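Working through the structure, step by step
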Amino acid sequence: MKTKLFFVLLFIVHCSLAQWSTSPDPDSSLYVCPGFTPTICTTQDGSSFIFGMASYNLWLQKLDPYGYKQWVQPTRVYQNAGSNFVYTLPTVLDNNGSIIVWWKDDRNAELDQWFTPTQNALYIQRINKFGQKMWSDTGLQVASLNGGIKRAYGVDDGKGGIILLVYEQDFYRTNKADKEWSKLIRYSSSGQMIWEHDIDSSTVNATIPYRQIYRVKNQILYFTLNGPQLVDTSGTKLLPPSYKNFGGIFIQNDTITIDLHSYLLKDSSDKLYRKLEIIKLSNEWDSISSTIYTTSNNVYLGDGGAGINPVLQLDRKGRIYFSYGYYTQSPLKYYIYLQRISQDGPEWYGDGLKFFSKNHPINFSLGNNDFGLIYNDYTFQKYSLNGDSLLQQRVQIFSVPSFEIDNDIVASDNNSGAIIAFWRGGIFAQHTGRTGKLGQITSVKTSATIPQEFILKQNFPNPFNANTIIEYQIPRKEKITLKMYDVIGREIVTILDEVVGAGTYRANFDASTLSSGIYYYRLQTKDYVQVRKMILIK
């Protein structure tokens, strides 16, 4: 009797913490946490931290790749009546799943004639993988209310801590109108300040045009009124990089640094167009290593249209996925170009893939053997590494027009799928997986050990309510199919139909649209077939 009671309790908790929705109805999407404005931060394994910001609260929930909530209740990162929040994207710091977030607090601030705060304090907090706040209950105060408006940008220090670049602009100090200060601060993983540098404290009536901070190995690059600056993680100031002409988009990992430049030019008939150039910098940021790509077509800006903001993504092998284009107003049409670029130059012929559309890409999601593109109308398409479309048509993520999705934000799941968080009386989220189907993520490796034989395991839990996990083992690279059938043998759904490598995999099956009863699932390869029974109880 005790054993049965334990199983029932485990079953209830398991089901209550799950499920990506398989419906395009936004009202059926996964509820994540309270809040009005969301932010998403995804990890390499496909897990995601989703924040919900409301007037007086900042909430946080963690989801695993299947949409299972990792915390029974969302963590309230901060609460204080009378405070408004504006916070930047958080940074995942280490392999232990911790995250750091920072925010503004403008309680008791002076207001201007439009009742807009002219001051704010700045706080920072670390949350571990269990949802526990690590740096006191209210977080650490980085800057007090005294002074002006403060903003912060951060990067991990490689040891579980963070380096913050803080800007403050003061409109109300006597004889110091519009003066801007900068400060660089490093905090350890325990929240202790390790070092602090003041920057540009004597400059008046000027603002820093380019605010951002980057780290490659132990060097930190940041920007001041005197141009780009370098400091190492110990706080020692280094000679500034000789390269000064940083562009508007900057991407780096430990092996490659990419800078994108946009030039406005005129052709022989005096028509204005834009030329894009991607350059590779040296690892010391002091010189151009090579210009690896220049658009050969002219992106014209006339006819009531404009250029489309370029979208870049760097994969684990250092290749760049690049989307750009332009649109016209009459008729409304987007001219889209896709290109993949290695360190030696473009890999797709000419300007790459070119197509016409009424919508344009807004985000890449890269996988090991394919990639996905999310468009501004919330449709989704998958492509092979050769640029071929893998879905017959784009997946419609939502069944309503994109303008009916409020306060939305899109992020890659780092496995060629996408996560969308939005407000609908709270923060909700939807996922389109690497199969192109809503709410389904399949073939997620769970073990690095190569199996010795084909095995289809019993689903868990079983019986189940709505969601269950199917685990299977593949001893060699093989095309497999995993399908569901009802009790009289009719095929219900194909969960997986693709070539996979050797390994142990899990498939999350969502049966929320099916009726209670007995079902069968079958794993089939060229030389192997196995069938098992599952029971759905609602």
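Below you will find a few notes about this structure. (Residues numbered from 1 in each chain as written. Predicted model: local features only at pLDDT ≥ 70, side-chain atom pairs only at ≥ 80, totals over all residues. Heavy atoms only, no water.)

From N to C terminus, the protein chain includes 1 helix and 42 strands. Taking all 538 residues of the protein chain together, 54% fall into the buried category. Put simply, of all contacts in the protein chain between residues at least 6 apart along the chain, 50% involve residues at least 24 apart. (Helix = DSSP H or I, 4+ residues; strand = E, 2+ residues; numbered from the N terminus. Buried < 20%, exposed > 50% of the residue type's maximum accessible area, 1.4 Å probe, protein only. Contact = heavy atoms within 4.5 Å.)

Remark: the centre distance and the inter-plane angle together describe each pair of aromatic rings, the angle taken between the planes. Considering all chains together, one arrives at 18 aromatic pairs under this definition. Taking the centre distance of 6.2 Å and the plane angle of 10° together, the rings of Trp103 and Tyr123 count as stacked. Here Tyr123 lies in strand S8 (residues 121-127) and Trp103 lies in strand S7 (residues 99-105), a separation of 20 residues in the sequence. You can call Trp103 buried: its relative accessible area is 0%. An aromatic cluster of at least three residues, connected via ring pairs, comprises Tyr31, Tyr378, Phe398, Phe422 and Phe428. It is Arg394 that lies over the ring of Tyr375; its NZ or CZ is 3.7 Å from the centre. (Phe/Tyr/Trp six-rings, centres within 6.5 Å; stacked < 30°, edge-to-face > 60°. Lys NZ or Arg CZ within 6 Å of the ring centre and 35° of its normal.)

All right, on to the environment of Pro240 then. In this structure, Pro240 sits in the loop between strand S17 (237-238) and strand S18 (249-252). Owing to a relative accessible area of 37%, Pro240 belongs among the partly exposed residues under this scheme. In this structure the C-alpha to C-alpha distance between Pro240 and Leu221, which are 19 residues apart in sequence, comes to 8.9 Å. Discounting chain neighbours no more than four positions away, the residues touching Pro240 are Pro228 and Gln229.

Structurally, Pro38 can be placed in strand S2 (residues 37-42). Accessibility expressed as a relative area gives 4% for Pro38, which makes it buried. Residues Pro38 and Phe428, spaced 390 residues apart in sequence, show a C-alpha to C-alpha distance of 8.7 Å.

With that settled, consider the pattern of salt bridges. Side-chain pairs of opposite charge can arise whenever the charged atoms involved come near each other. For the coordinates displayed, the defined rule picks out 14 salt bridges. One salt bridge in this structure joins Asp497 and Lys479, with 3.9 Å as the shortest N-O distance. Pair noted here: Asp497 is in strand S39 (residues 491-500) and Lys479 is in strand S38 (residues 478-485), with a separation of 18 residues, a long-range link. Asp497 gets classed as partly exposed once you look at its relative accessible area, which sits at 45%. Connected through salt bridges with shared partners, the residues Lys183, Glu196 and Asp198 form a single ionic network. (Salt bridge = Lys/Arg side-chain N within 4 Å of Asp/Glu carboxyl O.)

We now examine a nonpolar patch on the surface. Together, Val487, Ile488, Ile518, Tyr520, Val529 and Val531 give the surface a local cluster of nonpolar side chains, amounting to about 530 Å² of exposed area. Among the elements of the structure, strand S41 (517-524) and strand S42 (529-536) are those that each provide at least two residues to the nonpolar patch. In this fold, Tyr520 is placed in strand S41. (Patch = residues over 30% accessible without salt bridge, like charges linked within 9 Å, V, L, I, M, F, W, Y side chains within 5 Å. Areas by Shrake-Rupley, 256 points an atom, 1.4 Å probe, with all protein chains shown as cover.)

Residue Pro461 is reached from Phe460 by a cis peptide bond, and omega for that bond is -5°. Among the structural elements, Pro461 can be located in the loop between strand S36 (455-456) and strand S37 (467-474). Although it is not a glycine, Lys217 sits at a positive phi angle of roughly 55°. In this fold, Lys217 is placed in the loop between strand S14 (213-216) and strand S15 (219-224).

Let's shift gears to the sheet that holds strand S4 (residues 57-63). Here we have 4 strands laid out as an open sheet, ordered S2-S3-S4-S5, and antiparallel in their pairing. Edge strands, defined here as strands with exactly one partner in the open sheet, are S2 and strand S5 (75-79). Direction aside, the axes of adjacent strands within the sheet are offset by 20° on average. Pairing analysis gives 6 bridges linking strand S3 (residues 48-53) to S4, with the strands arranged antiparallel. Among the inter-strand pairings, Phe49 is bridged to a residue of S4, identified as Lys62. (Pairing = 2+ DSSP bridges. Axes fitted to C-alpha atoms, helices over the stretch in contact; angles between N-to-C directions.)

This part takes up the nonpolar core. Counting 24 residues, the largest nonpolar core has Ile470, Tyr472, Leu482, Met484 and Phe509 as its most contacted members. Mapped by element, the contributors of at least two residues to this core are S37, S38, S39, strand S40 (503-510), S41 and S42. The greatest single-element share of this core, amounting to 4 residues, is contributed by S39. Within the second largest apolar cluster, 17 residues are counted, among which are Leu314, Ile320, Phe322 and Tyr326. (Core = buried A, V, L, I, M, F, W, Y, C linked by side-chain atoms within 4.5 Å.)

Here we come to the pairing of S15. Counting buried positions along S15 yields 5 of 6 residues, so the element is predominantly enclosed. Relative to S15, S14 runs antiparallel, the two being bridged by 4 bridges. Pairing of Ile213 across the sheet is with Tyr222, part of S15. In this structure, the hairpin formed by S14 and S15 is closed by a connection of 2 residues, where Lys217 is found at a positive phi of approximately 55°. Here 6 bridges tie S15 to strand S16 (residues 227-232), and the two strands are oriented antiparallel to one another. Across the sheet, the residue bridging to Phe223 is Pro228, located in S16. A loop of 2 residues connects S15 with S16, the two strands running antiparallel in sequence.

Let's shift gears to the sheet that holds S39. Judged by pairing direction, the sheet is antiparallel, and its 4 strands sit side by side in the order S39-S38-S41-S42 without closing on themselves. If you trace the sheet from one side to the other, it starts and ends with S39 and S42, each paired once. In this sheet, adjacent strand axes meet at a mean angle of 15° when their direction is disregarded.

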